[in-house]
Every structure is written in structure tokens, then in C-alpha cells.
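Residue-level structure breakdown
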Amino acid sequence: MTDSAARGLSRVTLYERLGGGAGLRTLVDGIVAAHLENPTIQHRFTPYLDRPDRVEEIKRHTCAYFSEGSGGPDTYRGRSMTEAHRGMLVTDAEYTAAADDIIGTLARHGHDAETRAEVRDILEAIRGEIVGV
Ligand code: HEM
């Protein structure tokens, strides 16, 4: 049996494969650190460095958003993606840079190609909610 067939039978959710709540938190910390190092988008995030409470809130919202979207138990209660990013006029290149940080962080934490492809598909599905709004 292939890995994917086994997963289908045992219904292991993407949330569980990402390590549940603790795994997601580790990933979100890594993603934010990667954004701060990424020359294409770091300027979007450096203004938050002197607002640790807001960074913590955004991280918590992002964990809940990823949990809900990957079959986890949380409910995202933050603003819609379009509302959260309205007025930023995020470009396609910036979005791709952010998505690459996410996929790179997954790879660094040992998540396999199949899981990375699944996350990449989700990120492409919501691109239009964030770019250019
Ligand atoms: C790749 C997909 C992305 C996802 C899933 C995502 C998700 C989120 C979430 C859940 C929040 C918190 C919203 C809230 O607290 O109400 C947020 C906020 C934010 N995002 Fe994104 N985001 C993405 C891409 C981007 C990109 C490409 C940029 C800029 C280059 C960006 C910049 C920001 C900023 C600056 C905030 C803080 C907004 C504020 O202070 O109100 N995001 N994002």
C-alpha cells in the first residue's frame, strides 16, 4: 500500500501530519522568522518588531487559521484574509515569497513532498483573497 493510500484509510488529517497545535505553533514561529529574513517581504513585518503583543496575536490567529483549514479543532475568529490584508496591495511576487517561506519552513521541519504539495495547493487557492486587495 502506498503512503497516501494508508493515510486515506486511516484518515490522518493534514492538521495531524503537521504535528497538531504544537506543531503548527512551531511552524508559525519559523515562518515569521523566515519572513523577517526574506528581502522581498521583510519590510512588511519589521514594523511589528516593537509590538510583541500584536505579533503574538497575529501568530495565534494564524495558528487558528491553519488549524481550521487543515482539519484541526480550532475555529478562526480573526478577520477574513481579504479584510486582514486590505490596503496592503500585496503583489504576486510578495505572495510567492511568503508562500515559499511557508513551504521552506515545512521542509526544514521534515514535512514530506506530499504534505508540502498539499499546503502549496491551499496557498494557491487563497492567493486571490490576499493579492492586490
Ligand atoms: C501566504 C498566505 C498568507 C496567509 C495564510 C496569511 C495569514 C494572515 C493572518 C491569519 C493574519 C492575522 C489576521 C488578524 O489578526 O486579523 C495576517 C496578518 C498579516 N499579514 Fe498575512 N497572510 C498571508 C500572506 C501575507 C503576505 C504575502 C503579506 C505581505 C507581504 C502579509 C502580511 C501581513 C501583515 C502585515 C499582517 C498584519 C496585519 C495587521 O496588523 O492588521 N501576509 N496574515
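A short tour of the structure in this document, coming up. What you see is a predicted model, and the numbers here were worked out from it, not measured in a lab. (Residues numbered from 1 in each chain as written. Predicted model: local features only at pLDDT ≥ 70, side-chain atom pairs only at ≥ 80, totals over all residues. Heavy atoms only, no water.)

Brief notes about the site of the ligand
Worth spelling out the cut-off: One heavy atom suffices: a residue is near a molecule or strand as soon as one of its heavy atoms comes within 4 Å of it. In protein, a polar contact requires one atom able to donate a hydrogen and another able to accept it; more generally it is a pair of N or O atoms within 3.5 Å, and residues adjacent in sequence count only if both atoms are side-chain atoms. Secondary structure counts use DSSP, requiring at least four H or I residues in a row for a helix and at least two E residues in a row for a strand, with both numbered from the N terminus. Residue polarity follows a fixed list, in which Ala, Val, Leu, Ile, Met, Phe, Trp, Tyr, Cys and Pro are nonpolar, Asp, Glu, Lys and Arg are charged, and the others, Gly among them, are polar.
The local shell around the ligand holds 22 residues, among which Tyr 48, Arg 54, His 61, Arg 79 and His 85 are the closest. In the environment of the ligand, an oxygen atom lies 3.0 Å from a nitrogen or oxygen atom belonging to the side chain of Arg 54. Sorting the residues of the shell around the ligand by element identifies helix 4 (42-45), helix 5 (52-69), helix 6 (81-85) and helix 7 (92-108) as the ones contributing at least two each. Among the elements that make up the shell around the ligand, the one with the highest residue count is helix 5 (six residues). Residues belonging to the shell around the ligand are distributed by class as follows: 15 nonpolar, three polar and four charged.

Side note on the pattern of salt bridges
Note the threshold: Definition used for salt bridges: Asp or Glu carboxyl oxygen within 4 Å of a side-chain nitrogen of Lys or Arg.
Using the criterion set out here, one finds 10 salt bridges in the structure. Among the ionic pairs, Asp 29 bridges to Lys 59, the shortest N-O distance being 3.0 Å. Here Asp 29, found in helix 3 (residues 20-37), pairs with Lys 59, found in helix 5; they are 30 residues apart in sequence, far enough to count as distant. Here the salt bridges do not stand alone but share partners, grouping Arg 25, Asp 29, Glu 56 and Lys 59 into one network.

Description of the environment of Thr 82
Where we set the bar: Residue contacts are defined here by distance: any two heavy atoms, one from each residue, within 4.5 Å place the two residues in contact.
Mapping Thr 82 onto the fold places it in helix 6. The sequence separation of Thr 82 and Gly 128 amounts to 46 residues, and the corresponding C-alpha distance is 8.6 Å. When sequence neighbours within four positions are dropped, the list of residues in contact with Thr 82 reads Glu 129 and Val 133.

Digging into the coordination of the iron atom of the ligand
Geometry reference: four tetrahedral donors at a metal, ideal angle 109.5 degrees. Six octahedral donors, ideal angles 90 or 180 degrees. Short version of the rule: Atoms of type N, O and S within 2.8 Å of a metal are treated as its donors, and for Na, K and Ca the window is 3.2 Å; water is not considered, so some sites may appear to be missing partners.
Only one protein atom coordinates the iron atom of the ligand: His 85 (NE2), located 2.1 Å from the metal. Mapped onto the elements, His 85 comes out in helix 6.

Concerning the side chain of Ser 70
Rules: Three labels apply to residues, based on accessible area from a 1.4 Å probe with only protein chains included: buried if under 20% of the type maximum, exposed if over 50%, partly exposed otherwise in between.
For Ser 70, the position within the fold is in the loop between helix 5 and helix 6. Looking at Ser 70, the relative accessible area reads 8%, which means it is buried.

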